[in-house]
Amino acid sequence: MLLAIAGACAVGAMGSGAPHMALPSANQLRHMAWGHEMFIHFSITTYTGSQAGDQDPALFAPPPTLNVSQWVATAKTLNAPVAVLTAKHEAGFCLWPSNYSNYTIAQSPTMAHRDLVREFVDECRAQGVIPGLYFTFGAHNDTDDVQIKQMEELITNYGPIMYWWFDHHSNDPTHVAIDALVRKSTPDAVMLGPDSWLTGGEGGAADYPLWYAVNTTDGTDDARPILPLGPHDEGGFPDGAQFKSWEADCSFFDGCHPWFCCGTVPTHDEAVLLWDSTWGRGATLILNLPPSKDGLIEPALVAAAAQLAADRVQRYESPVASTTGLGDAPIVLDLPSGMSVSHVLLAEETLSTLGQLVSSYTLEVLVGTTWEQLDLGPAVCPPQTQQQCGGSTIGVRKVDRLTVPAGDLEKLRLTVTGNVCAKCPPPSISFKAFFF
């Protein structure tokens, strides 16, 4: 059950009269800690290009080169803790031999003897990757009862699935029933819908500011968030009653599309900008690397994933300086002599106990005896915009790219200038500087 309730800071933090903030559940904290995942779009659509639900299942005819182990190994290359396979995508075709449909892998002329969901979850566990499954109702017009029966198959027959990606999730009775099935069978599984939600409109950039507090359409966790402005402004509300951990979805091609193989692989600089515009704004990035018609993820995608993973480790796992302080006073970060700075990484360490509090902040650099404020870009990013934006929310993390004066730098200073809960204890903020 989510800890997010309407009304004051963490329980007992300020006594009566202090407003509660929405708090994350253990599942949501786990989702945010993952940071990124790998999506694997593979279905009949790979071979037909169609999402129609009435296609001849014999058109799903992968050759013997299909290699699920290579898919999961690519997730390892990406350093993704979680991989998510489209067990049932929008065409309604099932990658397992469901007993409740004749529109499955069992009708394939080349794959009838195989169960790709079984192979996938077994490979994930063998290679140390958390298995997740995408499931949506699809265009095959299966009845609500069939949808529930198919979910029961996946829940019962494939071991614990720790991430369920429910596309087009809503608070309709069938989705609510499926949510209950998952909660009963695997209470610590994360679900897209009740636990997490999508930001950025498949554009490769999380919305900013990004608030995890939301108000849902009916006040329950199963329902969709009420959007503040429009279809691509899923930024939440600072005083929302529910908590959602945000996920930004993107296919690893130019423009984040297509979802099924293949397209133009972005340059490394474009991939880094994608990372900083999603993960760096506090969302979890799910990056799609879809297999080709050969049943293999193409070498160019694997190479791009390896380069992005190596760069991420090089950039963000060895700060040149770090500190932690309370947000009710400026936090000063001392820099090593002769060291410049290119990026900072901020995080509200009290997110789990106080909720998300910071609504605005500034960064300054000490030049001689004078503090000079740094330009962090606009405080509000236009939707689907990959650019430097900063100075608003921090949340689970916020990366800011800095342009600092030339010469020796001694100190950086972080000042929280906006806090949405004046009666709450001040947030504890992690403050790290990097140079690359």
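Read on for an overview of the structure. (Residues numbered from 1 in each chain as written. Predicted model: local features only at pLDDT ≥ 70, side-chain atom pairs only at ≥ 80, totals over all residues. Heavy atoms only, no water.)

1. What about the overall build of the protein?
For the protein, the helix and strand inventory stands at nine helices and 18 strands. Radius of gyration (C-alpha) of the protein: 23 Å, near the 22 Å computed for a compact globule of 436 residues. The buried share of the protein, taken over its 436 residues, is 56%. Of the contacts made within the protein by residues no fewer than 6 positions apart, 77% connect residues no fewer than 24 positions apart. Looking at the protein, you have 22 positive and 46 negative side-chain charges, and the mean spots of the two groups are 5 Å apart. (Helix = DSSP H or I, 4+ residues; strand = E, 2+ residues; numbered from the N terminus. Rg over C-alpha atoms; globule rule 2.2 N^0.38 Å. Buried < 20%, exposed > 50% of the residue type's maximum accessible area, 1.4 Å probe, protein only. Contact = heavy atoms within 4.5 Å. Lys, Arg positive; Asp, Glu negative; His and termini not counted. Charge placed at Lys NZ, Arg CZ, Asp CG, Glu CD.)

2. Some remarks on unusual backbone geometry
The general pattern is negative phi for most residues beyond glycine and trans for most peptide bonds. Along the chain, Tyr208 connects to Pro209 via a cis peptide bond; the corresponding omega equals 5°. Within the element layout of this structure, Pro209 appears in the loop between strand 6 (196–198) and strand 7 (213–214). For the bond running from His257 to Pro258, omega is 5°, close enough to zero to count as cis. The topology assignment puts Pro258 in the loop between strand 9 (245–251) and helix 7 (268–278).

3. So, the sheet that holds strand 14 (residues 358–367)
Ordered in space as 12-17-14-15, the four strands form an open sheet in which the pairing is antiparallel. At either margin of the open sheet sits one strand with a lone partner, and together these are strand 12 (331–334) and strand 15 (370–373). With direction set aside, neighbouring strand axes in the sheet form an average angle of 30°. Strand direction decides the pairing type here: strand 14 and strand 17 (residues 411–419), joined by seven bridges, are antiparallel. Bridge pairing in strand 17 places Tyr361 opposite Val416. (Pairing = 2+ DSSP bridges. Axes fitted to C-alpha atoms, helices over the stretch in contact; angles between N-to-C directions.)

4. Regarding the sheet that holds strand 13 (residues 343–348)
Strands sit in the order 11-18-13-16 across an open sheet of four strands; the sheet is antiparallel. The open sheet has two edge strands, strand 11 (321–326) and strand 16 (398–401), and neither has a second partner. Here the average twist between neighbouring strands, direction ignored, is 20°.

5. Looking at the state of the cysteines
Applying the stated criterion to the full structure yields four disulfides. Two residues share a disulfide in this structure: Cys261 and Cys262, whose sulfurs sit 1.3 Å from each other. Counting only cysteine sulfurs, Cys124 is the nearest neighbor of Cys94, a cysteine outside any disulfide, at a range of 19 Å. Look at Cys124 and you get buried, because its relative accessible area is 0%. (Disulfide = S-S within 2.5 Å.)

6. Examining the packing of aromatic side chains
Under the defined criterion, the tally for this structure stands at 17 aromatic pairs. With a centroid separation of 4.8 Å and an interplanar angle of 55°, the aromatic rings of Phe39 and Trp165 are classed as tilted. In this pair, Phe39 sits in strand 1 (residues 36–40) while Trp165 sits in strand 4 (residues 163–166), placing the two residues 126 residues apart along the sequence. Consider the rings of Tyr316 and Phe436, whose centres lie 5.6 Å apart with planes at 80°: the pair is edge-to-face. Of this pair, Tyr316 sits in helix 8 (residues 299–316) while Phe436 sits in the segment after strand 18 (428–434), and the two are 120 residues apart along the sequence. Exposure remark for Phe436: the relative accessible area of 31% places this residue in the partly exposed category. Cluster of aromatic residues (ring-pair linked, three or more members): Phe42, Tyr47, Phe60, Trp71, Phe93 and Tyr103. Between Lys398 and the ring centre of Tyr208, over which it is positioned, the NZ or CZ distance is 5.1 Å. (Phe/Tyr/Trp six-rings, centres within 6.5 Å; stacked < 30°, edge-to-face > 60°. Lys NZ or Arg CZ within 6 Å of the ring centre and 35° of its normal.)

7. Quick look at the environment of Trp246
Tracing the sequence through the fold places Trp246 in strand 9. Within the structure, the side chain of Trp246 is placed 2.7 Å from the backbone oxygen of Trp211, a separation counted as a polar contact. (Polar contact = N/O pair within 3.5 Å; in protein donor to acceptor, adjacent residues only side chain to side chain.)

8. Quick look at the packing of helix 7 against helix 8
Packed helices, taken two at a time, are described by their axes: the angle between them and the distance between them. Across the interface, helix 7 lies against helix 8 with an axial gap of 10 Å and an inter-helix angle of 55°. When the axis of helix 7 is compared with that of helix 8, the two are oblique. Where helix 7 crosses over helix 8, the two elements pack in a sense that is right-handed. The residues of helix 8 that touch helix 7, namely those facing His268, Ala271, Val272, Trp275 and Asp276, are Gln307, Leu308, Asp311, Arg312, Arg315 and Tyr316. (Parallel < 35°, antiparallel > 145°, perpendicular 65-115°, else oblique. Left-handed = near helix turned anticlockwise from the far one by under 90°.)

9. Quick look at helix 5 (residues 144–157)
End to end, helix 5 covers 20 Å across 14 residues, agreeing with the expected 20 Å (1.5 Å per residue, within 8%). All of the buried residues in helix 5 are Val146, Gln147, Gln150, Met151, Glu153, Leu154 and Ile155. Buried residues in helix 5 make contact with strand 2 (82–88), helix 4 (116–127), strand 3 (130–135), strand 4 and helix 6 (173–185). A positive phi of about 75° marks Gly159, the residue just after helix 5. (Expected span 1.5 Å × (residues − 1).)

10. Let's talk about empty space enclosed by the protein
Using the criterion set out here, one finds two cavities of 30 Å³ or more in the structure. The calculated volume of the largest cavity comes to roughly 80 Å³. Lining the largest cavity are Leu273, Asp276, Ser277, Arg281, His343, Gln387, Gln388, Cys389, Lys398, Val399 and Arg401. Broken down by secondary-structure element, the contributors of at least two residues to the lining of the largest cavity are helix 7 and strand 16. When grouped by side-chain class, the residues that make up the lining of the largest cavity number three nonpolar, four polar and four charged. Taken as a whole, the second largest cavity spans an internal volume of roughly 50 Å³. (1 Å grid on protein atoms, 1.4 Å probe; cavity = no way out; pocket = protein on both sides within 12 Å on 5 of 7 lines; lining within 4 Å. Points joined across faces, edges and corners; volume = space filled by probe spheres on them. Nonpolar A, V, L, I, M, F, W, Y, C, P; charged D, E, K, R; others polar.)

Interpretation in functional terms is not warranted from these geometric data alone.
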